[in-house]
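# A closer look at the structure
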Amino acid sequence: MNGNLPFEKPVVELREKIKELKSFTEEKDIDLSGEIETLEARLVQLEKDVYGNLKPWERVQIARHGERPTTMEYIEELFTDFLELHGDRLYGDDEAIVGGIAKYKGRPVTVVGHQRGKDTKENIRRNFGMPHPEGYRKAIRLMKQAEKFNRPIICFIDTKGAFPGKAAEERGQSEAIARNLFEMAGLTVPVVCIVIGEGGSGGALALGVGNHIHMLENSTYSVISPEGAASILWKDSSYAQKAAETMRITAPDLKELGILEEVISEIQGGAHQDLKKQAALIDETLSRSLEELSSLKPEELVSQRYEKYKAIGQLADDNVIIDS
């Protein structure tokens, strides 16, 4: 694996030790099978200890891993006959959001998602997965088209947030995000949203108003990045780890808070370890979601979405928790 994370150091070192012993055995023709078996058993337990007890900040690091699968990679694995569509019909095309028509198990669907790059050149081209207003306008254009032709919508969420630059504000960034929230709330077709990496701020929420919301186990979803929250709360971004633990931004936390329908299990060590196996796990959840939502009438889909968001959150009054 490229780009090992700090907390993975013990696992990586033990893997390297096993690799060295195996190589030594082949070169010197010495039987070290007993020692290798012992170390392999220890490795299995160590991996369980490390990856089975991840802290919030460690999940943030996995969500940001440079090799983590992107929207386009999942589209290639999960769908057939994908036809990418471009442009917002107002200004231009934003490559930080991709979308188009595809088939899922033979059924026509519309797929939309944030797209970051896998190397420096692609990241620059895709603005590091941070959309401009035209990206969000392209997304809602495709969603309204899907509604017109009665196609379910699948959204993949993976962004640090909407691009905060001057040009984006001049072209109406906040209005574009707000309109997406408004329009998605009233869509009369099934909408399934899956957070596959970072779900940052309104930039993520602009593709996140769905009937069902799912998250990969090591993804994050929050109103602000841990570094941003630390800068505001403690005036020091180095407190990002503390912020991540306080904000409850991980999939298990959000499932407990009632925001998610399902937490999608990840391959041990993160989704980047095996794209095909991870896509298969997403496929199981996506299939169940669409089957359940397809039984609802258009007005029932709108009502279900409304009730879902209405139920999120609680009000606290004089130390008494009141469901909203």
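Cut-offs used in this document
Counting of residues starts from 1 at the beginning of each chain's written sequence and follows it residue by residue. The model is predicted, so local features are restricted to residues of pLDDT at least 70 and side-chain atom pairs to those at 80 or more, both for listing and for counting; the totals for chains, interfaces and linings are taken over all residues. To obtain the side-chain values, all non-hydrogen atoms of the structure were included, while hydrogens and water were left out. UniProt positions are given in the numbering used here, feature names are shortened, and annotations may be inferred rather than shown by experiment. Helix numbers and strand numbers start at the N terminus; a helix is a DSSP run of H or I with at least 4 residues, a strand a run of E with at least 2. What the globule rule says is 2.2 Å times the number of residues to the power 0.38, and the radius of gyration is computed from C-alpha atoms. When accessible area is computed with a 1.4 Å probe and restricted to protein chains, residues below 20% of their type maximum are described as buried, those above 50% as exposed, and intermediate ones as partly exposed. Should any heavy atoms of two residues lie within 4.5 Å, those residues are considered in contact. Here the open area of atoms and residues is found with the Shrake-Rupley method and a 1.4 Å probe, where only the protein chains shown may cover a residue. Think of it this way: Lys and Arg go in the positive column, Asp and Glu in the negative one, and His and the chain ends go nowhere. A charged residue contributes its charge at one atom only: NZ of Lys, CZ of Arg, CG of Asp or CD of Glu. We place a 1 Å grid over just the protein atoms. Points where a 1.4 Å probe fits but has no way out form a cavity, open points with protein on both sides within 12 Å along at least 5 of 7 lines form a pocket, and any residue with an atom within 4 Å of a point lines it. Grid points are joined across faces, edges and corners, and a volume is the space filled by probe spheres set on the points. Side-chain classes follow a simple rule in which Ala, Val, Leu, Ile, Met, Phe, Trp, Tyr, Cys and Pro form the nonpolar group, Asp, Glu, Lys and Arg form the charged group, and the remainder, Gly included, forms the polar group. Expected helix span is given by 1.5 Å per residue-to-residue step, counting one fewer step than there are residues. In what follows, salt bridge is the name for a side-chain nitrogen of Lys or Arg lying within 4 Å of a carboxyl oxygen of Asp or Glu. Between the rings of Phe, Tyr and Trp (Trp by its six-membered ring), a pair exists once the centres lie within 6.5 Å; its type follows the angle of the planes, with under 30 degrees stacked, over 60 edge-to-face, and the other angles tilted.

Per an unreviewed UniProt entry, the recorded name for the chain is Acetyl-coenzyme A carboxylase carboxyl transferase subunit alpha, and the organism is Thalassorhabdus alkalitolerans. We quote the UniProt Subunit (unreviewed entry) comment for the chain here in full: "Acetyl-CoA carboxylase is a heterohexamer composed of biotin carboxyl carrier protein (AccB), biotin carboxylase (AccC) and two subunits each of ACCase subunit alpha (AccA) and ACCase subunit beta (AccD)." Taken directly from UniProt, the Catalytic activity (unreviewed entry) text for the chain runs: "N(6)-carboxybiotinyl-L-lysyl-[protein] + acetyl-CoA = N(6)-biotinyl-L-lysyl-[protein] + malonyl-CoA".

## Notes on the overall build of the chain
If you tally the helices and strands in the chain, you get 14 helices and 10 strands. Against the compact-globule benchmark of 20 Å for 324 residues, the chain has a radius of gyration of 22 Å, which places it among compact chains. Along the first, second and third principal axes, the C-alpha atoms of the chain reach 70 × 55 × 40 Å. For the chain, the residues scored as buried account for 48% of the 324 residues in total. A fraction of 69% describes how many contacts in the chain between residues 6 or more apart in sequence connect residues 24 or more apart. Total accessible area on the chain is roughly 16100 Å²; 52% of this is exposed by carbon and sulfur atoms. Distance from the positive charge centre (42 side chains) to the negative charge centre (54 side chains) of the chain: 4 Å.

## Digging into unusual backbone geometry
Phi at D81 is positive, roughly 55°, even though this residue is not glycine. Inspection of the secondary structure assignment puts D81 in strand 1 (residues 80–84). Classification of D81 as exposed rests on a relative accessible area of 59%. Of note in this structure, N127 is not a glycine but carries a positive phi near 55°. The residue N127 is located in the loop between helix 5 (120–125) and helix 6 (133–148) in this model.

## Describing the layout of surface pockets
Empty space within the largest pocket amounts to approximately 340 Å³. In terms of lining, the largest pocket is formed by 14 residues, of which the most central are Y221, S222, V223, L254 and I259. Broken down by secondary-structure element, the contributors of at least two residues to the lining of the largest pocket are helix 9 (201–205) and strand 7 (220–222). Broken down by element, the lining of the largest pocket gets its largest block of residues, three residues, from helix 9. Here the lining of the largest pocket is built from residues that sort into 10 nonpolar, three polar and one charged. Approximately 240 Å³ is the volume attributed to the second largest pocket. Contributing to the lining of the second largest pocket are 14 residues, with R64, R116, G117, N123 and K160 lying nearest its centre. Class assignment of the residues belonging to the lining of the second largest pocket gives a composition of two nonpolar, five polar and seven charged.

## Focus on helix 6
Here helix 6 is 16 residues long and its end C-alpha atoms lie 23 Å apart, about the 22 Å a rise of 1.5 Å per residue gives. Counting buried residues in helix 6 gives 12 out of 16 residues, a clear majority hidden from the surface. Along helix 6, the residues that are buried comprise P133, E134, G135, Y136, R137, K138, A139, I140, L142, M143, A146 and E147. Those residues of helix 6 hidden inside the fold are in contact with strand 2 (97–104), strand 3 (107–114), strand 4 (153–159), helix 7 (166–170), helix 8 (173–185) and helix 9. N150 occupies a position one or two residues after helix 6 and carries a positive phi of about 60°.

## Topic: the pattern of salt bridges
Considering all chains together, one arrives at 25 salt bridges under this definition. The salt bridge partner of K9 is E13, with a shortest N-O separation of 4.0 Å. Placement of both K9 and E13 in helix 1 (residues 9–28) is noted, with a separation of four residues, approximately one turn of the helix. In this structure, the salt-bridge partner of K22 is E40, at a minimum N-O distance of 3.0 Å. Of this pair, K22 sits in helix 1 while E40 is found in helix 2 (residues 33–51), placing the two residues 18 residues apart along the sequence. When its relative accessible area of 39% is taken as the criterion, K22 is described as partly exposed. Taking relative accessible area as the criterion, E40 reaches 30% and is therefore assigned partly exposed. One network of salt bridges, with partners in common, ties together R137, K144, E147, E175, R179 and E183.

## Section: the packing of aromatic side chains
The tally for this structure, following the rule as stated, stands at four aromatic pairs. Geometrically, the ring pair formed by Y74 and F156 is stacked, given 6.2 Å between the ring centres and 20° between the ring planes. Pair noted here: Y74 is in helix 4 (residues 71–78) and F156 is in strand 4, with a separation of 82 residues, a long-range link. Considered together, Y74 and F156 belong to a single accessibility category, that of buried residues. Where F79 meets F156, the ring centres are 6.4 Å apart and the plane angle is 80°; that geometry is what we call edge-to-face.

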